[in-house]
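The primary structure of each chain is shown beneath.
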Amino acid sequence: MQLTKLFGICAIVSGLALAGCGNDKKAEQPAADAPAAQSIKVGVMSGPEHAVAEVAAKIAKEKYNLDVTYVEFNDYALPNTAVSKGDLDANAMQHKPYLDKDKAEKHLDNLAIVGNTFVYPLAGYSKKIKNISELAEGATVAVPNDPSNLARALILLEKQGLIKLKDNNNLFSTSMDIIENPKNLKIQEVDTSVAARALDDVDLAVVNNTYAGQVGLNAAEHGIFIEDKDSPYVNIIVARTDNQDSEAVQNFVKAYQSDEVEAEAKKLFKEGGVVKGW
């Protein structure tokens, strides 16, 4: 496994460093109560969430002597498979409904939730209207096309009184489950990663916070409407069943669930843009 190779390299480098430092070995010895150095490789999405995660890496190093290496993704379809195969030790980039769907579709039975991070509320954005009441008959509304975020967006549209779903408790509703559409809105499913960039071509877009941040949008400042803070879509940290109880994984979770990380998240996403999930 990659971690084993990394530990072996670290041991060799450490040994070489000590060999070249003369006879004053006492000065090179770590403090007796210092935790042994460890490392972990974690998948995150590019953008503001990565910036938040970097604070967790800093805390992990300072408090637990844990070296965190992040692998950035622009596609939600990849990180779970990478963890399952052992290419990553964990990821921090999704909510439970997405994980449940991904596990079922790809047979990723060895994935396990090890901790919560934040709720990053979805929001509706527009360059054409300032208030939802201004949305015209037959307007085009872009929504994310991945299964869990599609349902999440449709549930949010229903809360605004724009549509009615067959079952608004179904976290995997699709456009086929819309039973009322009084304004005859054209629901346009687009790739989750380009929803924010579709704003020039649609009247309204429901956008994931990760991608909104990448184009300078903030839910609290620019959103016409925002997902409730009691959303079931809290983001999570995911590892494998064979490493979920490891010291490295558990220390990463503790570092992420720290006051410093919460403060950074609130600074980047501002009021209303992020909610602590632990």
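Right, let's walk through the structure included here. Quick caveat: nothing in here was measured; it's all calculated off a predicted structure. (Residues numbered from 1 in each chain as written. Predicted model: local features only at pLDDT ≥ 70, side-chain atom pairs only at ≥ 80, totals over all residues. Heavy atoms only, no water.)

The next subject is the packing of aromatic side chains. The final tally for this structure, using the stated rule, is eight aromatic pairs. Ring centres of Tyr 70 and Phe 252 lie 6.4 Å apart, and the angle between their planes is 65 degrees; on these two criteria the pair is classed as edge-to-face. Remark: Phe 252 occurs in helix H8 (residues 247–256) and Tyr 70 occurs in strand S2 (residues 66–73); sequence separation between them is 182 residues. Each member of the pair Tyr 70 and Phe 252 is classed as buried. An aromatic cluster of at least three residues, connected via ring pairs, comprises Tyr 70, Phe 118, Tyr 120, Phe 252, Tyr 256, Phe 269 and Trp 278. Across from the ring centre of Phe 172, 5.2 Å away, lies the NZ or CZ of Lys 101, which sits over that ring. (Phe/Tyr/Trp six-rings, centres within 6.5 Å; stacked < 30°, edge-to-face > 60°. Helix = DSSP H or I, 4+ residues; strand = E, 2+ residues; numbered from the N terminus. Buried < 20%, exposed > 50% of the residue type's maximum accessible area, 1.4 Å probe, protein only. Lys NZ or Arg CZ within 6 Å of the ring centre and 35° of its normal.)

The N-to-C vectors of helix H2 (residues 48–64) and H8 enclose an angle of 115 degrees; their axes lie 8 Å apart at closest approach. The crossing of H2 and H8 is right-handed. On H8, the residues touching Glu 49, Val 52, Ala 53, Ala 56, Ile 59, Ala 60 and Tyr 64 of H2 are Asn 251, Lys 254, Ala 255 and Tyr 256. (Axes fitted to C-alpha atoms, helices over the stretch in contact; angles between N-to-C directions. Left-handed = near helix turned anticlockwise from the far one by under 90°. Contact = heavy atoms within 4.5 Å.)

A separate point is the sheet that holds strand S12 (residues 225–226). The strands making up a sheet are joined through hydrogen bonds of the backbone, oriented either antiparallel or parallel. On the basis of which strands lie adjacent, the open sheet formed by five strands has the order S10-S7-S11-S6-S12 and mixed pairing. At either end of the open sheet lies a strand with only one pairing partner, and these are strand S10 (186–190) and S12. Strand direction decides the pairing type here: strand S6 (residues 123–125) and strand S11 (residues 204–207), joined by three bridges, are antiparallel. Residue pairing in the sheet places Ala 123 in a bridge with Val 207 of S11. (Pairing = 2+ DSSP bridges.)

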